[in-house]
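One letter stands for each residue in the lines below.
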Amino acid sequence: WLLIDSETGAVLAERDADLPLPPASLAKMLTSYIVSEEIESGRLTEQELVRISDNAWERGGAKTDGSTMFLEPRSKVAVIDLMRGVIIQSGNDAAIALAEHIAGTEDQFADLMNRQAAALGMSSSLFHNSTGLPSEGMVSTARDLALLARATIVDHPDHYGIYAEKYFTHNNIRQPNRNRLLWRDSSVDGLKTGHTEASGYCLVASAQRRDMRLIAVVLGTDSDQARARETQKLLSYGFRNFETQRLYESGAALKEQVKVWYGQQDAVNLVLDQAVVLTFQRGSEKRLSAEVVVNSQLEAPLTKEQVLGSLRISLDGELLLERPLVADRAIDKGGLFKRLKDWLTLFFTGLFG
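Residues numbered from 1 in each chain as written. Predicted model: local features only at pLDDT ≥ 70, side-chain atom pairs only at ≥ 80, totals over all residues. Heavy atoms only, no water.

## So, the overall build of the chain
Scanning the chain for helices and strands turns up ten helices and 17 strands. Taken over C-alpha atoms, the radius of gyration comes to 26 Å for the chain, far larger than the 20 Å a tight globule of 353 residues would show. By its C-alpha atoms, the chain is 90 × 45 × 35 Å across when sized along the principal axes. A buried classification covers 48% of the 353 residues belonging to the chain. Of the contacts made within the chain by residues no fewer than 6 positions apart, 63% connect residues no fewer than 24 positions apart. A total accessible area of about 16700 Å² is found for the chain, and carbon and sulfur atoms account for 47% of it. One finds the centroid of the 39 positive side-chain charges in the chain at a distance of 4 Å from the centroid of its 47 negative side-chain charges. (Helix = DSSP H or I, 4+ residues; strand = E, 2+ residues; numbered from the N terminus. Rg over C-alpha atoms; globule rule 2.2 N^0.38 Å. Buried < 20%, exposed > 50% of the residue type's maximum accessible area, 1.4 Å probe, protein only. Contact = heavy atoms within 4.5 Å. Areas by Shrake-Rupley, 256 points an atom, 1.4 Å probe, with all protein chains shown as cover. Lys, Arg positive; Asp, Glu negative; His and termini not counted. Charge placed at Lys NZ, Arg CZ, Asp CG, Glu CD.)

## A closer look at a nonpolar patch on the surface
A grouping of L340, W343, L344, F347 and F348 is seen on the molecular surface, where their side chains present a nonpolar patch of about 530 Å² in accessible area. Within the secondary structure layout, L340 lies in helix α10 (residues 336-349). (Patch = residues over 30% accessible without salt bridge, like charges linked within 9 Å, V, L, I, M, F, W, Y side chains within 5 Å. Salt bridge = Lys/Arg side-chain N within 4 Å of Asp/Glu carboxyl O.)

## Things to note about helix α6 (residues 142-155)
Helix length check: α6 (14 residues) gives 20 Å between terminal C-alpha atoms against 20 Å at 1.5 Å per residue, within 8%. Within α6, burial applies to A142, D144, L145, A146, L148, A149, A151, T152 and I153. Those residues of α6 hidden inside the fold are in contact with β1 (2-5), α1 (27-41), α7 (157-160), β7 (188-196), β8 (200-209) and β9 (212-221). (Expected span 1.5 Å × (residues − 1).)

## Side note on the sheet that holds strand β14 (residues 288-294)
Hydrogen bonds along the backbone pair up the strands of a sheet, which may run parallel or antiparallel. Within the open sheet, the six strands sit side by side as β14-β16-β17-β12-β11-β15. Their pairing is mixed. Looking at the sheet topology across the chains shown, the edges are occupied by β14 and β15 (298-299). Two elements, β14 and strand β16 (residues 307-315), share seven bridges in a ladder whose sense is antiparallel. The partner of L288 across the bridge, within β16, is L315. (Pairing = 2+ DSSP bridges.)

## Brief notes about helix α9 (residues 224-241)
Compared with an ideal rise of 1.5 Å per residue, which puts 18 residues at 26 Å, α9 spans 26 Å between its outermost C-alpha atoms and is within 8% of the ideal. Among all positions of α9, only D224, A226, R227, A228, T231, L234, L235, G238 and F239 are buried.

## Focus on empty space enclosed by the protein
In this structure the tally under the stated criterion is one cavity of 30 Å³ or more. The space that makes up the largest cavity amounts to roughly 40 Å³. Taken together, S32, Y33, S36, M83, I87, T152, H156, H159, Y160 and Y163 make up the full set of residues lining the largest cavity. Secondary structure elements with two or more residues in the lining of the largest cavity: α1, α3 (79-87) and α7. The biggest single contributor to the lining of the largest cavity is α1, with three residues. For the lining of the largest cavity, the class distribution of residues is five nonpolar, five polar and no charged. (1 Å grid on protein atoms, 1.4 Å probe; cavity = no way out; pocket = protein on both sides within 12 Å on 5 of 7 lines; lining within 4 Å. Points joined across faces, edges and corners; volume = space filled by probe spheres on them. Nonpolar A, V, L, I, M, F, W, Y, C, P; charged D, E, K, R; others polar.)

## Topic: the pairing of strand β6 (residues 173-176)
Across four bridges, the pairing between strand β5 (residues 167-170) and β6 is antiparallel. Bridging from a neighbouring strand, T169 pairs with R174 of β6. Here β5 folds back onto β6 in antiparallel fashion, the turn holding two residues, of which N171 has a positive phi close to 55 degrees.

## A look at the sheet that holds strand β2 (residues 11-14)
The strand order β2-β1-β9-β8-β7 describes an open sheet built from five strands, whose pairing is antiparallel. The open sheet terminates on both sides in strands that have one partner only, identified here as β2 and β7. Here the average twist between neighbouring strands, direction ignored, is 10 degrees. Here β7 pairs with β8 via eight bridges, running antiparallel. Residue pairing across strands places L191 opposite A205, the latter belonging to β8. Contacting β1, β2, β7, β8 and β9, α9 runs over the sheet at an angle of about 145 degrees to β9. (Axes fitted to C-alpha atoms, helices over the stretch in contact; angles between N-to-C directions.)

## Some words on the pattern of salt bridges
One pass over the structure, following the stated rule, counts 19 salt bridges. The salt bridge partner of R59 is E106, with a shortest N-O separation of 2.6 Å. On the criterion of sequence distance, the pair formed by R59 in helix α2 (residues 54-60) and E106 in helix α5 (residues 106-119) is long-range, its members being 47 residues apart. The exposure class assigned to R59 is partly exposed, which follows from its relative accessible area of 35%. Classification of E106 as buried rests on a relative accessible area of 8%.

## Comments concerning the nonpolar core
In terms of nonpolar packing, the biggest core is built from 56 residues, with V79, L82, F127, V204 and V217 touching the most fellow members. Sequence-distant contacts of L82, that is, excluding residues within four places in its chain, are made with V50, I52, M69, L71, V77, A94, A97 and L98. (Core = buried A, V, L, I, M, F, W, Y, C linked by side-chain atoms within 4.5 Å.)

## A word on the packing of aromatic side chains
Applying the stated criterion across every chain yields a total of four aromatic pairs. Taking 5.9 Å as the distance between ring centres and 70 degrees as the angle between the ring planes, the aromatic pair formed by Y237 and F242 counts as edge-to-face. We classify Y237 as partly exposed; its relative accessible area is 30%. Taking 5.3 Å as the distance between ring centres and 10 degrees as the angle between the ring planes, the aromatic pair formed by W343 and F347 counts as stacked. Of this pair, W343 and F347 both sit in helix α10, four residues apart, roughly one helical turn. Positioned above the aromatic ring of Y167 is the side chain of R174, whose terminal nitrogen or guanidinium carbon lies 3.7 Å from the ring centre. It is K259 that lies over the ring of W261; its NZ or CZ is 4.7 Å from the centre. (Phe/Tyr/Trp six-rings, centres within 6.5 Å; stacked < 30°, edge-to-face > 60°. Lys NZ or Arg CZ within 6 Å of the ring centre and 35° of its normal.)

That's the geometry; what it means functionally is another story.
Have a look at this one:
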């Protein structure tokens, strides 16, 4: 299992987070992510119709023992409805139909899944199909699945909203979302359950309370009730013991009028090129310290956004994060007289070095 803060990626609790296990239907999160990517790129539209192949029906349809959307073979269904079938109903038939529509075959779609997983940093995962149905050697880890969940939330917030929907009806068959926490905890708004005999009962869940969002991954429990219970325990632990704060905004000047030698201007401001957001234990904020470190003796020419120093934030003397400080403007080299004047100043004050 693994618990992280969604915004910062900080790990709040973990156990065997890098142990490879069969992903079961959690693989469908990657299938859905790829569909969202295809829509965003313009290669696919939400209302585009997908023909349901005999293969999708035979391997994932009503006659199987697996989760299904109850698609009719050779019917045509909109992409957005199939996405709901994958996310809410965990339909194997819907996942196969989308895979075939995008890549031609499910095997080719699996290649796409592995390329996308690598791009997301899921270095311990290998996918063989779009559904998560058992396949020897197909694995993922709690850490990789947390990365995927975080990417889903950040990269495709509109489609992420589907994960919070409690019911979906297709062919007059209404099915509930299998994520029990959607009913138990109003702060939970996703993501996905999974279960096979080999993987056990699994759940990736996300919840937001106030301005803090957490992601919990629980793999290999022995029942539907256990995966929901253990996930809720992790989320409660995180919200009770940690907080995430935005300490500095992007562009904030942390060191102003720093001396620049040999330039047309004499000083530069050092600013953050990105916001600083930190997750830390509740009650420890008074023990945080911030230090600005400036590179020695700045000399022109300088380019805008050139790294000239760093911000270091520590807790009880232990470094938590370091962020670059950059120039807020470009400074060109000064004229001959200005450069000579600065050289003489440095020489007679003994500041060379």
